[in-house]
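Remarks on the overall topology
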Amino acid sequence: MSVTIIVGSQWGDEGKGKITDLLSRDMDMVVRYQGGNNAGHTVVIKDKTFKLHLIPSGIFYANVLCVIGNGVVVDPAVLIQEIETLKTQGFPVDNLRISSQAHVIFPYHRYMDQAQEKKREAGRIGTTCRGIGPCYVDKFNRRGIRISDLYNEKVLKEKLAWNIEEKSFLLENFYKFEKKIDLDQLINEYLGYAHGIKKYVVEESTTLVDEAVKKNKNILLEGAQGTMLDVDQGTFPFVTSSNPVAGGACIGAGIGPKAIDEVIGVVKAYVTRVGSGPFPTEITGKLGEELREKGGEYGATTGRPRRCGWFDAVVMRHATKINSLTQLAVTKLDVLDDLEKIQICVAYEYKGKKIQDFPTDIYRLEECKPVYEEVSGWQEDTTKVKDYKDLPKKAQKYLKKLSDLAGARISLVSVGAERGQIIRI
Ligand code: IMP
């Protein structure tokens, strides 16, 4: 019986959906703790691919209670769409719960996101334009509207009126972004959504989680994005607007740090990044393109091509440190199957000196050069391997090197997108 956090160790898209789905089999509860529909968690079951943006990846098991925690920002239209899609595919979704404390995304959040990106021009972050950042801004500015407010028409009206007045002024006068927002129309639309999700909403989601902890249930706290996109610990300002790191799980699920038993860092056997911002081990040219194609490295939410790079142990050590990782789940090892030579970034060179710690100031980071160690590839198909000892020796060596550099043991290795393509160590 334990509480486990699943956290992305790089810039997101590490394959957290698959690992969460896999571990959910033994869980009683899965709680998504931050982010919104900027995330895209892919789960492949036989020949079907599911892309979840908001609903926890444990939803495919009817006996697992899946909670959208207080730390998530919810676009109710997207949520309803996701529920309907799952239902038509044979999953009843009766096991979903939504925290009444989660904040709600409104169209003006998306408009602000788009307008800010447009105005930033060359300095744009490359957000998903789903309104995630502006929604969190309202939360921290204490102007946000929570799920519970959707069931109090008077409060909803008051809060919306204020927000619409403010956003309309900014959009029109500062951002020169033409969008009219109609209060009555928005209220009707959102009251409709509120009705649609009412049966899933729980008043006190933290009590629900706490009861599960007290009953010694198995609980998984599922993060979105990754450590390097964390607003505090990542490559600021090229980050998302929440805390994907393990500490964020306590806040976004409403659970104390002493209740956590395990923290699993999900890490790709190489690295990808979508959106702008520094990426020291980025591979440009033909090899980068080949990796992208082989790994299907296109955003699950926006379809944007992901930038690909070599495994970066400096980033990994940062993730181990920040998240207190106890285990690693290495994904997409098979994508490297064909390579003759593989580079591993073991340190950075900064002003002529070797450094081991990740520089969180991006201006310092821009001056860093990766220090690579070259290893031989295994050039064998790993996609059918079920047992660690059946992996090519060179692949085992590569994994051991990754684990040593990261300072955490590997407990899972994924060698393909399908549920069964996993090696437990
Ligand atoms: P936002 O979260 O939409 O504000 O985007 C901020 C940054 O985080 C951008 O670089 C996005 O590409 C990146 N990002 C947001 N969500 C994900 C994700 O689920 N995977 C990978 N990158 C993401």
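Residues numbered from 1 in each chain as written. Predicted model: local features only at pLDDT ≥ 70, side-chain atom pairs only at ≥ 80, totals over all residues. Heavy atoms only, no water.

1. Regarding the site of the ligand
Taken together, 15 residues form the shell around the ligand, and within it Asp13, Asn38, Thr128, Thr240 and Arg304 come nearest. Between the ligand and the protein, one listed contact pairs an oxygen atom with a side-chain N or O atom of threonine 240 at 2.6 Å. Here the ligand has 470 Å² of accessible area as a free molecule, and 97% of this is covered by the chains. Split by residue class, the shell around the ligand holds six nonpolar, seven polar and two charged. (Near = heavy atom within 4 Å. Polar contact = N/O pair within 3.5 Å; in protein donor to acceptor, adjacent residues only side chain to side chain. Areas by Shrake-Rupley, 256 points an atom, 1.4 Å probe, with all protein chains shown as cover. Nonpolar A, V, L, I, M, F, W, Y, C, P; charged D, E, K, R; others polar.)

2. Things to note about the domain arrangement of the protein chain
It is common to give the size of an interface as the accessible area that goes away when the parts come together. When cut into domains, the protein chain gives domain 1 (2–100 + 200–263), domain 2 (103–197) and domain 3 (267–424). Between the C-alpha centres of domain 2 and domain 3 the distance comes to 37 Å. Each partner contributes residues to the interface: domain 2 has six residues there, and domain 3 has five residues. Of the roughly 380 Å² buried at the junction of domain 2 and domain 3 (both faces included), carbon and sulfur atoms supply 39%. When the area that domain 2 buries against domain 3 is broken down by residue, the three leading residues are Gly126, Thr128 and Arg130, summing to 70%. Summed over the shared surface of domain 2 and domain 3, the result is four residue pairs in polar contact (both at pLDDT 80 or more). (Domains from an automatic or database assignment. Contact = heavy atoms within 4.5 Å. Buried area = accessible area lost by both parts, 1.4 Å probe.)

3. So, helix α2 (residues 76–88)
Relative to the 18 Å expected for 13 residues at 1.5 Å per residue, α2 spans 18 Å between its end C-alpha atoms, a close match to the ideal helical length. Three or more residues of α2 are buried, namely Pro76, Leu79, Glu82, Ile83 and Leu86. The buried side chains of α2 occupy one side of the element, clustering within an arc of 120° when seen end-on. Turned more than 90 degrees away from the buried face of α2, the exposed residues are Gln81 and Thr88. Looking at the buried residues of α2, the elements they touch are β4 (48–52), β5 (65–68), β6 (73–74), β7 (96–99), β8 (103–104) and α6 (183–197). Just downstream of α2 lies glycine 90, where phi reads positive at about 95°. (Helix = DSSP H or I, 4+ residues; strand = E, 2+ residues; numbered from the N terminus. Expected span 1.5 Å × (residues − 1). Buried < 20%, exposed > 50% of the residue type's maximum accessible area, 1.4 Å probe, protein only. Arc of directions from axis to C-beta.)

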